[in-house]
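# Chain and residue survey
Listed below are the residues making up each chain.
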Amino acid sequence: MVEREPTGIPELDAELEGGIPKKFSIALYGKTGTFKTLFARIFTCKGLVLGQPVFYVSFDKPYEIIMESIKSILKKFDSNTTTLKNFVYVDCWVWRERVYNKKEIYSKQEIEIHENRIIINNPRDVESVFLTIKENARKTPNGRIIFDSLTGLLSLASPESISEAIELFKVFKAFFKNNGYTQIYVIYSNVHEQFNGPILYCMDGILHFI
């Protein structure tokens, strides 16, 4: 019997015979505006309701917007915000705001740790991003990891280092699986198209959003 992780969408869980297989890596693949991120956040909240540790890695939206969305979805699950005690938000977005506001691009500290929030001050260093998540996931196995988005991660890498970033991704993806994590990766079909093939090939499954 394959152990499965419910997505939080009853109709889809019925089609998937209970949900996504535990420890699988799943690509949410499609163009902008096809509700990939909404699915990822529902999957996040379902894990929190079940008491699982959940890592949400954001490259594409500010912390405040995502937290508002997460809390709104939790309310629809009839859950209060104390459920967020198992939630870790890995912020790879805030550096953009600092650049825009002409502040110092990178803090003297590579990582800032706040309550339930880890700020990555140099998300262009792909290895550092993965290592930070790895060290924290090691402490709390058997949960869920959401990358919103993997395309965002690759967009930060320099053109000559994208291939290296993909190879790093494969190594850490295996680590997450060995530590019991079911993984969701949001991937935009119309960005970095030349690299989408190798990325999708190493996934355990693909949900194509059209």
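For the structure itself, look to the data block above.
To start, this report covers the structure provided alongside it. All of these numbers come straight from a predicted model, not from anything done at the bench. (Residues numbered from 1 in each chain as written. Predicted model: local features only at pLDDT ≥ 70, side-chain atom pairs only at ≥ 80, totals over all residues. Heavy atoms only, no water.)

## Details of empty space enclosed by the protein
- Per the stated rule, a full pass over the model turns up 1 cavity of 30 Å³ or more.
- When its volume is computed, the largest cavity comes out at roughly 30 Å³.
- Sorting the residues of the lining of the largest cavity by element identifies helix 6 (150-156) and helix 8 (193-201) as the ones contributing at least two each.
- At 3 residues, helix 6 tops the list of elements feeding residues into the lining of the largest cavity.
- Residue composition of the lining of the largest cavity, grouped by class: 5 nonpolar, 3 polar and no charged. (1 Å grid on protein atoms, 1.4 Å probe; cavity = no way out; pocket = protein on both sides within 12 Å on 5 of 7 lines; lining within 4 Å. Points joined across faces, edges and corners; volume = space filled by probe spheres on them. Helix = DSSP H or I, 4+ residues; strand = E, 2+ residues; numbered from the N terminus. Nonpolar A, V, L, I, M, F, W, Y, C, P; charged D, E, K, R; others polar.)

## Describing the state of the cysteines
- As enumerated under the stated definition, the model contains 0 disulfides in all.
- You can see C45 has no disulfide; the closest cysteine sulfur is in C92, sitting 19 Å from it.
- For C45, a relative accessible area of 0% gives the class buried.
- With no disulfide of its own, C92 lies 19 Å from the sulfur of C202, the closest cysteine sulfur. (Disulfide = S-S within 2.5 Å. Buried < 20%, exposed > 50% of the residue type's maximum accessible area, 1.4 Å probe, protein only.)

## Considerations on the packing of aromatic side chains
- Summed over all chains, the structure comprises 11 aromatic pairs.
- Aromatic side chains F130 and F172 sit 5.1 Å apart centroid to centroid with 15 degrees between the ring planes, which places their arrangement in the stacked category. Pair noted here: F130 is in helix 5 (residues 126-137) and F172 is in helix 7 (residues 162-178), with a separation of 42 residues, a long-range link.
- Overall, F130 belongs to the buried group, its relative accessible area being 1%.
- Chaining the aromatic ring pairs together yields one cluster made of F130, F147, F169, F172 and Y185.
- Above the face of the F175 ring, K134 is positioned so that its terminal group lies 5.1 Å from the ring centre. (Phe/Tyr/Trp six-rings, centres within 6.5 Å; stacked < 30°, edge-to-face > 60°. Lys NZ or Arg CZ within 6 Å of the ring centre and 35° of its normal.)

## Points about a negative patch on the surface
- A surface patch of negative charge is lined by E110, D125, E127 and E164.
- The topology assignment puts E127 in helix 5. (Patch = residues over 30% accessible without salt bridge, like charges linked within 9 Å, V, L, I, M, F, W, Y side chains within 5 Å. Areas by Shrake-Rupley, 256 points an atom, 1.4 Å probe, with all protein chains shown as cover. Salt bridge = Lys/Arg side-chain N within 4 Å of Asp/Glu carboxyl O. Lys, Arg positive; Asp, Glu negative; His and termini not counted. Charge placed at Lys NZ, Arg CZ, Asp CG, Glu CD.)

## Regarding the pairing of strand 9 (residues 182-188)
- Burial analysis of strand 9 places 7 of its 7 residues in the buried class, which makes it a mostly covered element.
- Inspection of the sheet shows strand 3 (residues 25-30) paired to strand 9 by 6 bridges, in the parallel sense. Counterpart to A27 in the pairing with strand 9 is Y185.
- Bridge count for strand 8 (residues 144-148) against strand 9 is 4 bridges, and the pairing is parallel. (Pairing = 2+ DSSP bridges.)

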